[in-house]
Amino acid sequence: MISGAVRNELIARYGEPHRRYHTMTHIEDCLAQVTASTDFSDEQRRLMEVAIWFHDAVYDATRHDNEAESARLAVERLKAEGANQTFIDEVSRLIMLTAGHFVEPDDAIGARLVSIDLSILGAEPERYDTYAAAIRHEYGHVPEPLYRAGRAAILSRFLESEPLFADPILARRYETRARANLAREITSLTA
């Protein structure tokens, strides 16, 4: 569905020098989980795959419209490639879900996508710490006290989510470790 030229454009975007976490490594990790989602149809996995490719295509930690701009870019590129409007609309919708990671109870594909996007939270502690350091680097423009307070508030909101992962399969896989990682980072931020 994504041409070589668009794929190359996206790879270049994920290689921008200001990125440390929102890179091709994140995309590759997410794509591997989409491929492993054999409980979804081929069409659903294709939708998730395209949404993953585009979901962080526009990323600037000083802005608040990254998901909207990423969805806009996806719409433009997919239209130019001749994708049907229903497919384009669904990809755009899925990308926008990654802004707040909230999905309706009957949205299985959305639940899987946002859970995949958050799966780093349930990584082994060392890998999680590398992720947290990369996020800090991406927000290097924010003074330390403001970053600590803001990051702790965001992580606390995640901890308050029940469940943290909307997809039940990924919740079973990641929930416990994610909660431990979040609590550990919050402690370090507020110490």
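What comes next concerns the included structure. (Residues numbered from 1 in each chain as written. Predicted model: local features only at pLDDT ≥ 70, side-chain atom pairs only at ≥ 80, totals over all residues. Heavy atoms only, no water.)

1. Side note on the overall build of the protein
Thinking step 1. If you tally the helices and strands in the protein, you get nine helices and zero strands.
Thinking step 2. Sequence-ordered secondary structure for the protein, helices as α and strands as β, is α-α-α-α-α-α-α-α-α.
Thinking step 3. Referenced to the eigenvectors of the C-alpha coordinate spread, the extents of the protein come out at roughly 55 × 35 × 25 Å.
Thinking step 4. Counting across all 191 residues of the protein, residues that qualify as buried make up 49%.
Thinking step 5. Taking the intrachain contacts of the protein between residues at least 6 apart in sequence as the baseline, contacts between residues at least 24 apart amount to 65%.
Thinking step 6. When the accessible area of the protein is evaluated, it comes to approximately 9,500 Å², of which 56% is carbon and sulfur surface.
Thinking step 7. The averaged location of the 31 negative side-chain charges in the protein is 2 Å from the averaged location of its 22 positive side-chain charges. (Helix = DSSP H or I, 4+ residues; strand = E, 2+ residues; numbered from the N terminus. Buried < 20%, exposed > 50% of the residue type's maximum accessible area, 1.4 Å probe, protein only. Contact = heavy atoms within 4.5 Å. Areas by Shrake-Rupley, 256 points an atom, 1.4 Å probe, with all protein chains shown as cover. Lys, Arg positive; Asp, Glu negative; His and termini not counted. Charge placed at Lys NZ, Arg CZ, Asp CG, Glu CD.)

2. Digging into the packing of aromatic side chains
Thinking step 1. On inspection of all chains with the given rule, the structure shows four aromatic pairs.
Thinking step 2. Ring centres of Phe-165 and Tyr-174 lie 5.8 Å apart, and the angle between their planes is 45°; on these two criteria the pair is classed as tilted.
Thinking step 3. Three or more aromatic residues joined by ring pairs form one cluster here, namely Tyr-21, Tyr-128 and Tyr-131.
Thinking step 4. In this arrangement the basic side chain of Arg-136 is found over the ring face of Tyr-147, its NZ or CZ atom lying 4.2 Å from the centre. (Phe/Tyr/Trp six-rings, centres within 6.5 Å; stacked < 30°, edge-to-face > 60°. Lys NZ or Arg CZ within 6 Å of the ring centre and 35° of its normal.)

3. Section: helix H2 (residues 24–35)
Thinking step 1. For H2, spanning twelve residues, the distance from its first C-alpha to its last is 16 Å, which sits close to the expected 16 Å at 1.5 Å a residue.
Thinking step 2. Inspection of H2 places Met-24, His-26, Ile-27, Cys-30, Leu-31, Gln-33 and Val-34 among the buried residues, and these make up the whole buried set.
Thinking step 3. Among the structural elements, helix H1 (4–14), helix H3 (42–55), helix H6 (108–118) and helix H9 (168–190) are those in contact with the buried residues of H2. (Expected span 1.5 Å × (residues − 1).)

4. What to know about helix H7 (residues 125–138)
Thinking step 1. Its 14 residues place the ends of H7 20 Å apart at the C-alpha level, agreeing with the 20 Å of an ideal helix rising 1.5 Å per residue.
Thinking step 2. Listed in full, the buried residues belonging to H7 are Tyr-128, Tyr-131, Ala-132, Ala-134, Ile-135, Arg-136 and Glu-138.
Thinking step 3. Summarising the contacts, the buried residues of H7 are in contact with helix H8 (144–160) and H9.

5. Points about the nonpolar core
Thinking step 1. Counting 59 residues, the largest nonpolar core has Leu-10, Phe-54, Leu-78, Val-91 and Leu-121 as the members making the most contacts within it.
Thinking step 2. In contact with Leu-10, not counting residues within four places along its chain, are Ile-2, Trp-53, Phe-54, Ala-57 and Leu-73. (Core = buried A, V, L, I, M, F, W, Y, C linked by side-chain atoms within 4.5 Å.)

6. What to know about the pattern of salt bridges
Thinking step 1. Within the structure shown, the criterion is met by 21 salt bridges.
Thinking step 2. A salt bridge links Arg-77 to Glu-9; the nearest nitrogen and oxygen atoms lie 2.8 Å apart. Here the residue Arg-77 occupies a position in helix H4 (residues 66–80), and Glu-9 occupies one in helix H1, the gap between them amounting to 68 residues.
Thinking step 3. Owing to a relative accessible area of 23%, Arg-77 belongs among the partly exposed residues under this scheme.
Thinking step 4. Owing to a relative accessible area of 23%, Glu-9 belongs among the partly exposed residues under this scheme.
Thinking step 5. For Arg-93, the salt bridge is made with Glu-90, and the minimal N-O distance between the two is 2.8 Å. One end of the pair is Arg-93 and the other is Glu-90, both in helix H5 (residues 85–97) and three residues apart, which spans about a single turn.
Thinking step 6. Look at Arg-93 and you get partly exposed, because its relative accessible area is 30%.
Thinking step 7. What you see here is one network of salt bridges that share partners, running through Glu-9, Arg-13, Glu-69, Arg-72, Glu-76 and Arg-77. (Salt bridge = Lys/Arg side-chain N within 4 Å of Asp/Glu carboxyl O.)

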